Structure formats: structure tokens, C-alpha cells
Amino acid sequence: MDPFATLGIERRYDVDLGALERTHRELSRAIHPDRYVGSTAGEKREALTRAVEVNEAWRIVRNPLRRAEALLSLHGVAVGEDREPSPEPEFLLEILEQREALSEARGARDRRAVHRLADAVRTRSRHTERELSAGLATRPDASLVGTLGKLRFYQRFLDEVDAIEDELV
Amino acid sequence: MALLEIFDPKAPARPIGIDLGTTNSLVAHVANDRPVAIADCDSVVLLPSVVAYLPDGDVVVGRDAAELAAEHPRDTIVSVKRLMGRGADDPETRRLAPYEFVSPEPGQANAVRFRVAADRIVTPVEVSAEILRALKSRAEDELQSVGGAVITVPAYFDDAQRQATKDAARLAGLDVLRLLNEPTAAALAYGLEKNHRGTFAVYDLGGGTFDVTVLVLDDGVFQVKATGGDSQLGGDDMDRSIAHDLLDQVGLDPAAQTPQLVRRVLDEARRAKHDLTSCDGVHVDVADRGRVFLPRARFDVLIQPLLERTGAACRRALKDAGVTPQELDGVILVGGATRVPAVRRFVADLFQKEPLGDIDPDRVVALGAAVQADLLAGHGRRDDVLLLDVTPLSLGIEVGGGIVDKILPRYSTVPCAARATYTTREDHQTGFEIHVVQGERELVADNRSLARFTLRGIPPMAAGMARLEVKFQVDANGLLAVHAKETTTGIEQTVTVRPSYGLDDATIQRMLTDALDHGEEDLDRRRLAETRVEAGRILLATRRALEADADLLDEGQKETIRVACAALEQATRGEQPSQIHASIDALDKVTQAFAAHRMNRAMARAIGGRPVDAIERTVEHAKGIEAAHGPQPQGVV
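Cut-offs and rules
- Residues numbered from 1 in each chain as written.
- Chains lettered and ligands numbered in written order.
- Predicted model: local features only at pLDDT ≥ 70, side-chain atom pairs only at ≥ 80, totals over all residues.
- Helix = DSSP H or I, 4+ residues; strand = E, 2+ residues; numbered from the N terminus.
- Buried ≥ 20, exposed ≤ 12 C-beta atoms within 10 Å, placed from the backbone.
- Contact = placed C-beta atoms within 7 Å.
- Domains from an automatic or database assignment.
- Nonpolar A, V, L, I, M, F, W, Y, C, P; charged D, E, K, R; others polar.
- Pairing = 2+ DSSP bridges.
- Axes fitted to C-alpha atoms, helices over the stretch in contact; angles between N-to-C directions.
- Core = buried A, V, L, I, M, F, W, Y, C linked by C-beta atoms within 7 Å.

Colleague: Just checking my understanding: could you explain the overall build of chain A for this structure?
Modeller: A tally of helices and strands in chain A yields 7 helices and 0 strands. In sequence order, the secondary structure elements of chain A are arranged as α-α-α-α-α-α-α. For chain A, the spread of C-alpha atoms along the principal axes amounts to about 60 × 40 × 25 Å. Counting only residues that meet the buried cut, chain A has 38% of its 169 residues in that class. Put simply, of all contacts in chain A between residues at least 6 apart along the chain, 64% involve residues at least 24 apart.

As C-alpha cells, this is what we get:
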């Protein structure tokens, strides 16, 4: 499926998330199953199928990692964690250090340290996103799969931060 | 015979909204564009969610049942909502409560069971169905004919709890239009859409559940951003804290008391809590064992730990929604427990603003449910209002090492679907066990287990060769269906998640038949009436569609549809539900392509204002969906 086509937006990495949300809202207004409760069975099925598609497309496009994956697969590049090369030693070391620091901050219930680590990783993640954006615009091929892997590491780290923040609230 | 009146085809069926609460339940409908609660014959709106089973087999619901609670604590079930969708071994069954729980027999579903009068065994679903039946009959007295119902559930209810609620509604003979999250219902009741856009928090502290939801309203669309809570925290816990304290003060061990005494003290605690909303202290006679003075300040201290738990959930929801308390445009209070002054103070401090409270917090949810029922039934003229709800918790499956692989992340807008592909770990593995779990934690053991099923019959292959595709689909009610398929062989299986704690379809059907006085005969009559109503609705919808989008069809197609409509009309004059159904299916077949074209047009209009090529691409893509599914798309749900 092409989530960009489903949402009627241009197939590119840089997305205006505010505009995307408005598009999603207008499409929902047109096809949400709540609009078809009194309709024929056929229209109900159609509405459900389309609403699921639109929501799935939105979920993919608003997430940086899934958006990049979708663009690469649309360019015929096979994606998925098992296809990503093992990270370079330098990057691996960096991630291991960050993880260790996060685990320490969690143990010490040090929310500030958790925020600081998250901010640092967010900055790096944005940098990787810019790399992906440029790459996808010029040479959308398998050479980007490694960069995608980096973004996956960052996202996983930030997911963990999220869980720790919930715990420390 | 009551049934003839209920299904009087001349009386228009009115949609209703039901708040099935822990402590109280109520039903509302929309009259003259305004939601109103429906009172019983004594002008009382709130129906205590209490069901008493009498030795002669009679069942009593509401106030009369509540009065029996002190005398027959074991046979009088209160706050049953807390046990909906719970396993028989759930810690909730071991709390301070006067019931006799029965363990499931081998082979029986792992549902909670109560032993009540006359040695009868009932489940929470059946108890809830009694409450819904009472509300339905109250609505029928007022409206003559009840159409579909919107029933509210806490936003934080998991799949098993939602499924149990839907089962209870079916058992009560209600046509469920939608399960609606309580906080969203409250926002709808406030009519925020009329003059607001902004970000709102709904703080819902009910009898047994706590929910907080952050939602954004823009141009009539409510988009839920984050939701959290605790489906085991509420006003009941305040009563328990007070009861513990009272028993302590008169020197009685709370763990060693008879059910009768526990029930009495809990009732005294509840009364004290109510009195303390308006006065600074109360004297309580603790089951004739002593007189205790309970100042409000002490009460406030007793409930502080409970409030702190709600505070943590609120901070999490704000964080997830990415807003600060200052950025909120308003806070809505829901649930009787928000009448407690300490709760209001706590909320005002937490969100840094005075909460909105001008709609009765006990009624606001039912009123919102009535508005949604009215909108869904197409009666509402507010065509611009739409609720976009989300999954409250992530859904995933167990992979190696007891780890959860999240397939559908939380806060996915419903309805939604997602897929993931897995492979075998061992050579010659001929089955996949699929364990569906719900929750945010990494380890399976820390999440809620929803269901297990096995995909069998896969030919032996080397490890890593099989391809198992698992698809999760969540409908607009928040209910999950799981579809698993081995893609190299095409072996597939679909389950709607219910087995762990729910009742199967056959059981519900049997209960439904048993519940009707004359069994099968009434059921047939009822089926015929319902099928006729359904046929009328479809005919109306088809004619409206023909009027609106006639240009999408050529004359021949129009004629085919007209002929099918005429055949259906003819069938409704007969007495055979099966013939009516056959004609409905025939009409459905000849309108399938028309439905797809209409949906394409609706989507193209929705993204209007964009470059034309983008629209064309979408329409083209949408046609692609149609082609992929063939002329008769398989319903996956």
C-alpha cells in the first residue's frame, strides 16, 4: 500500500505534520464508519476498509521511521530490521554508552539526567532524519538501509525513555 | 404481551445512550435536539448498579436491590463493573467484599462466577445484563420503541472488558450502535464543539474506575490525543479506606468480619463520604460497635494516596499528549466522586485551572452517549461532529524469550489495522502458538494476556522458512480481531479475541433464548420484526444514495438496483426472515460497486483543494483497493 497516495499527499520525506493532521481529519469526516451506521452493508464495509487504510497511512506517515521505510519500499528497496547491516563499531559504542547512562539515571530516579540523555539522542535522531531526507530525495536505494537502522536505534532509545518517564512521573 | 408493543412497527425506534456505571447507571435520549436523562416512574434518574438474586428465583435491580444488600450481602451484587472481563483468579476477587466466588470447572471459561440465592451461579456479564435490561425497559416505557444503543465504557477498558460489556448488552437484547469511551462522551455532552476549539482534559473518577483523557477539538472533530487511568480505582476505594479506618477505630479487624458487617460498614462509609461533601465532620455509628467522629480533614488524608494515583496518570496523559497544564483550555469533571471537595481542589491544583462542572457529573456521560446515539442514527443535524478515538494500550504478540512485539501501538486512531511477519524457530515446526497481549511493558508477564490460539497444519519446514503473517484489526468500538496466515502455504485462521474471559456466541444465544418467556417463538417474532426494520433502513439508505449520486451509474445499473429494491420491499411483506435476508443480500451484491464509487467520491471531495493530479492518484488508488478485494470483499472483522 502507498500511504502517501491514500492521504493524497506528495511522496516525500519532509512532511508538514499539521497539514497532515488536517487532511486526516477531512478524510475521516468523509469515511469514518460512524457516518455510515444507517447505510447499506456494502457502504459500511467500504467505509470500514477505507477508514482502516486512512488511519494506517496516517500512522505510518507521521512516524519518521515508518515514513522512511514506506518510501524505501515504494522505491523497491526491501526494508526491515533483519536486512539492516550490523551497526558500525563507533555507533554501537555510542549507543551502548547512552544506554548505560540511561539505565543509571533510571536507577537513581534522576529525571533531569533522563531528559538530558533524551535531548541528546533527539538531536542525533534529527540529524539522521535530515540525512535520510536528503538521501531519499536524491538516491532512494539500498545504501540508505544502514541510516534507517540508526534511526531505529534512536527511536527504540526514545521509546525506552518514554517508559522510564512514565515510571518516574 | 409486552414484546408486541416493543416491536410495534409504527412506533419509530429511538436511539438511546446508556452509562453503565460502577455505582449507578442511567439511560438518556435526545429530545428536541437536547439530551435528557430518562427517569423511572418515581422520577428518579440514577439506577443503582445493584442486582439482588432472591431465593424464589426473582431478580431485583436498583434501589430495591440496594436495600436487600445489608440483609443478603452474598446474593446482592454491587459494583459488578469492576469484575467485567476479569479472570476468576483476578486479585480484584480477593478484595474486601461479601461474595461467594466459584472457581471455574475444568473446561469452563476463566470468568468470575458468583454463587447466589437458590444455588444459582451467575457471571458479571449476566449481572450487567440485568442492569441494562432494567434501563431498556425504562426507556421503552418512555419512548415506546427503542432503537440502537450507545453504551459507554472507561477509555482505559481493555479488550476483554469491552467485549464483556458488549456481551452484556446483547444478552439484554440491545442493539449496540457503538461502545463509546466515557470521557469522549462527556466532552460531547458539554457541546464543546459549538463554540470551542482547543485542548481539553477530562478527569473521570467514577465508583470503580478512573480515567483521564486529553483531547483536541478542532472544527467539530474530537481527536483523542492521550488516555490513561486505572480501571480499578474509584469512589469505592474511598469507601473502603474509610471503612478500614472506622473498623480500626472501634478495634475490629477488617479482615475478620462477617459479610453482613462488612456491607454495613461500607454503606456507612459511603454515607459519611456523601455527608462530608457539605459538612466538616460526621458522627458514624460503626455497625453498633462504637461511635466515631470523622472530620473532613481526616477523610482528606485517608483518600490522599488514591488522589496521588490519579495525579500520576494525569501527568502521564499530559506528557503523552505533549501539552503542559497551562496549555489546556479546560478541564471537565465526570463521575460522582468528583463531588468530593478534596478531589476538586486536587484537580484545580494539578491542571492549574478551575474545572468545568456545570453538567451533573453523574449524568454527563449518559447525556453524551445519547448525543452520539442520535448522531449515529442520523437524526442529529450536526453533520460536522465526529469523534476520533484511539486504542488506549498497545497490542502485540509474544515472541521468543517472553518478549512482546508490539504490532499496533497505543494511541492509534480506530478503526485501524497493522501486520507483522514472523518465522519458525525450530525445524519441522507444524504449528504456531499465537499469544495476544495488551500493554506497554516489554515483558509478556507484565502485560494483560488477551488470548492464545494456535495456527496448525503447516507442513514441516526448516527453521526460518515459514512466513507467518499476523494482522490485528481494531474496529470503531475498540474491539480486536486477529488474523493469522502462513503465507507460503496459505493456511489461515481468524479469531475475534474473546476466549480468555468471555462467553462464546452459543452461550449468549442460549441465555438470550432462556431469558425470553416463551423461548423460540418470541425469538422468531422478534427476529422478523428486527429484520423488517433492517430492510426498511437499507431501502431508505439505497434510495438516498441513488438520489445523491445518480450520475455515477448508467441507466442499466440504476434499473438493476431498482429491481432489487422492489424485490426486497416485496419480501418484507412476507413472514419469512430468511427471505428478507436473501433479498437484502441480493441488493447488497448489486450495489457493491456503487458503494465503492460513492466512497471514492467522498474521499476525493475530502481532500479537495489539492492539485488535481493528487486527487486522481488517490481515486485511482482507492479503485485499486476495490479491485484487490474483488466484487465481494471478505469481511475480516
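What follows picks up the thread again.
Colleague: Could you clarify how one ought to interpret the domain arrangement of chain A in this entry?
Modeller: In many analyses, interface size is given as the accessible surface area lost on bringing the parts together. Taken domain by domain, chain A comprises domain 1 (3–62) and domain 2 (81–168). Between the C-alpha centres of domain 1 of chain A and domain 2 of chain A there is a distance of 30 Å.

Colleague: I tried to follow the environment of Asp585 of chain B on my own but got confused; where do I start?
Modeller: Assignment of secondary structure puts Asp585 of chain B in helix α15 (residues 577–606). Measuring from C-alpha to C-alpha, the distance between Asp585 of chain B and Ala564 of chain B comes to 9.7 Å, with 21 residues separating the pair along the chain.

Colleague: Just to check I follow, could you spell out the interface of chain A and chain B for this structure?
Modeller: Residue-level contacts link 39 residues of chain A with 46 residues of chain B. At the level of secondary structure, the elements contributing two or more residues to the side of chain A that touches chain B comprise α1 (3–6), α2 (17–31), α3 (41–61) and α7 (145–168) of chain A. The residue inventory of the side of chain A that touches chain B, partitioned by class, reads 14 nonpolar, 11 polar and 14 charged.

Colleague: I would appreciate a short explanation of the sheet that holds strand β5 (residues 50–53) of chain B in the present structure.
Modeller: Each strand in a sheet pairs with its neighbour through backbone hydrogen bonds, running either in the same direction (parallel) or in the opposite one (antiparallel). Residues and elements named next belong to chain B. On the basis of which strands lie adjacent, the open sheet formed by 3 strands has the order β6-β5-β7 and antiparallel pairing. Edge positions in the open sheet fall to β6 (59–61) and β7 (76–78), since each of these has one partner strand only. Each neighbouring strand pair of the sheet contributes to a mean axis angle of 15 degrees, computed without reference to strand direction. Both β5 and β6 contribute to a ladder of 3 bridges, which runs antiparallel. Within β6, the position partnered with Val51 by the bridge is Val61. Sheet strands touched by helix α3 (residues 124–143): β5, β6 and β7. Its angle to β6, the strand with the most contacts, is close to 65 degrees.

Colleague: Explain the domain arrangement of chain B to me, please; I cannot follow it from the model alone.
Modeller: All names here are of chain B. Each assigned domain of chain B is listed with its residue range as follows: domain 1 (2–193 + 361–382), domain 2 (395–503) and domain 3 (516–629). Taking the mean C-alpha position of each, domain 1 and domain 2 sit 32 Å from one another. Taken together, the contact between domain 1 and domain 2 spans 16 residues of the former and 14 residues of the latter. Top contributing element to the side of domain 1 that touches domain 2 by residue count: helix α4 (residues 159–171), with 6 residues. Of the residues belonging to the side of domain 1 that touches domain 2, the class tally is 6 nonpolar, 4 polar and 6 charged.

Colleague: Looking at this model, I keep getting lost on the nonpolar core. Mind explaining?
Modeller: Note that soluble globular proteins tend to have their nonpolar side chains buried in a common cluster. One finds Ile18, Leu132, Ala186, Tyr203, Val265 and Ala369 of chain B to be the most contacted residues of the largest nonpolar core, which totals 188 residues. Contacts of Ile18 of chain B, omitting those with residues within four sequence positions, involve Ser25, Val27, Leu132, Leu135, Ala149, Ile151, Ala366 and Ala369 of chain B.

Colleague: What's the story with the pairing of strand β1 (residues 14–20) of chain B in this structure? I'm lost.
Modeller: All names here are of chain B. Counting buried residues in β1 gives 7 out of 7 residues, a clear majority hidden from the surface. Across the two faces of β1 the burial is the same, with Arg14, Ile16, Ile18 and Leu20 and Pro15, Gly17 and Asp19 all buried. Pairing between β1 and strand β10 (residues 146–153): 5 bridges, direction parallel. Note that in β10 the partner of Ile18 across the bridge is Ile151. Judged from the 4 bridges that link them, β1 and strand β2 (residues 24–31) form a sheet pairing that is antiparallel.

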